[in-house]
Amino acid sequence: MKNATPDDLTDVPKVDEMLCFSIYSAGHAFNQLYRPLLDELDLTYPQFLVMTALWAHDDRTVKDLGETLFLELEHPHPAVEAAGEIRPRHPQPKSRR
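Worth saying up front: this structure is predicted, and the values here are computed from it rather than measured.

**Focus on the pattern of salt bridges**
Next, step 1: The tally for this structure, following the rule as stated, stands at one salt bridge.
Next, step 2: Where Asp64 meets Arg60, a salt bridge forms, and the shortest distance between an N and an O atom there is 2.6 Å.

**Concerning the packing of aromatic side chains**
Next, step 1: Scanning the entire structure with this criterion turns up four aromatic pairs.
Next, step 2: With a centroid separation of 5.5 Å and an interplanar angle of 55°, the aromatic rings of Tyr34 and Tyr45 are classed as tilted. Of this pair, Tyr34 sits in helix H1 (residues 19-41) while Tyr45 sits in helix H2 (residues 45-56); the two residues are 11 residues apart in sequence, bridging distant segments of the chain.
Next, step 3: A ring pair is formed by Tyr45 and Phe48, whose centres lie 6.1 Å apart and whose planes are at 35°; its orientation type is tilted. With Tyr45 and Phe48 both in helix H2 and three residues apart, this pair spans about one turn of that helix.
Next, step 4: For Tyr45, a relative accessible area of 26% gives the class partly exposed.
Next, step 5: Ring-pair connections join several aromatic residues into one group, and the members of that group are Tyr34, Tyr45 and Phe48.

**What to know about a nonpolar patch on the surface**
Next, step 1: Together, Val15, Phe21 and Tyr24 line one region of the surface with nonpolar side chains, adding up to about 310 Å² of accessible area.
Next, step 2: Structurally, the position occupied by Val15 is in the segment before H1.

**Observations concerning H1**
Within an α-helix, residues lying three or four positions from one another point in the same direction, as the helix has 3.6 residues per turn.
Next, step 1: The first and last C-alpha atoms of H1 sit 32 Å apart over 23 residues, in line with the 33 Å expected at 1.5 Å per residue.
Next, step 2: If you look at H1, its biggest bend is around 50°, right at Arg35, and the proline Pro36 turns up within four residues after that.
Next, step 3: Where H1 ends, the next residue or the one after it, Asp42, has phi of about 55°, a positive value.

Criteria and cut-off values
- Residues numbered from 1 in each chain as written.
- Predicted model: local features only at pLDDT ≥ 70, side-chain atom pairs only at ≥ 80, totals over all residues.
- Heavy atoms only, no water.
- Salt bridge = Lys/Arg side-chain N within 4 Å of Asp/Glu carboxyl O.
- Phe/Tyr/Trp six-rings, centres within 6.5 Å; stacked < 30°, edge-to-face > 60°.
- Helix = DSSP H or I, 4+ residues; strand = E, 2+ residues; numbered from the N terminus.
- Buried < 20%, exposed > 50% of the residue type's maximum accessible area, 1.4 Å probe, protein only.
- Patch = residues over 30% accessible without salt bridge, like charges linked within 9 Å, V, L, I, M, F, W, Y side chains within 5 Å.
- Areas by Shrake-Rupley, 256 points an atom, 1.4 Å probe, with all protein chains shown as cover.
- Expected span 1.5 Å × (residues − 1).
- Bend = angle between axes of the 7 residues up to and from the residue.

See below:
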């Protein structure tokens, strides 16, 4: 806030009263909870999510993974690439009738 006075800040909620902070804190807590397991697997949490999505359905496109994990993927995301071998597959051309 540019040129804010102390009176302008009386209506600003405290950090611990903000929903976004609660969500951030919950995400951080989950990362800390999973860290020992992920360290053993040499995976980051995003990589773990990719692996879990691939485990559930292994024949997925990068676009599908992006939609499932809410990632904007034009190219394979580092978490996707780290999940293992990524082989491009081009759609089969439609046969002419």
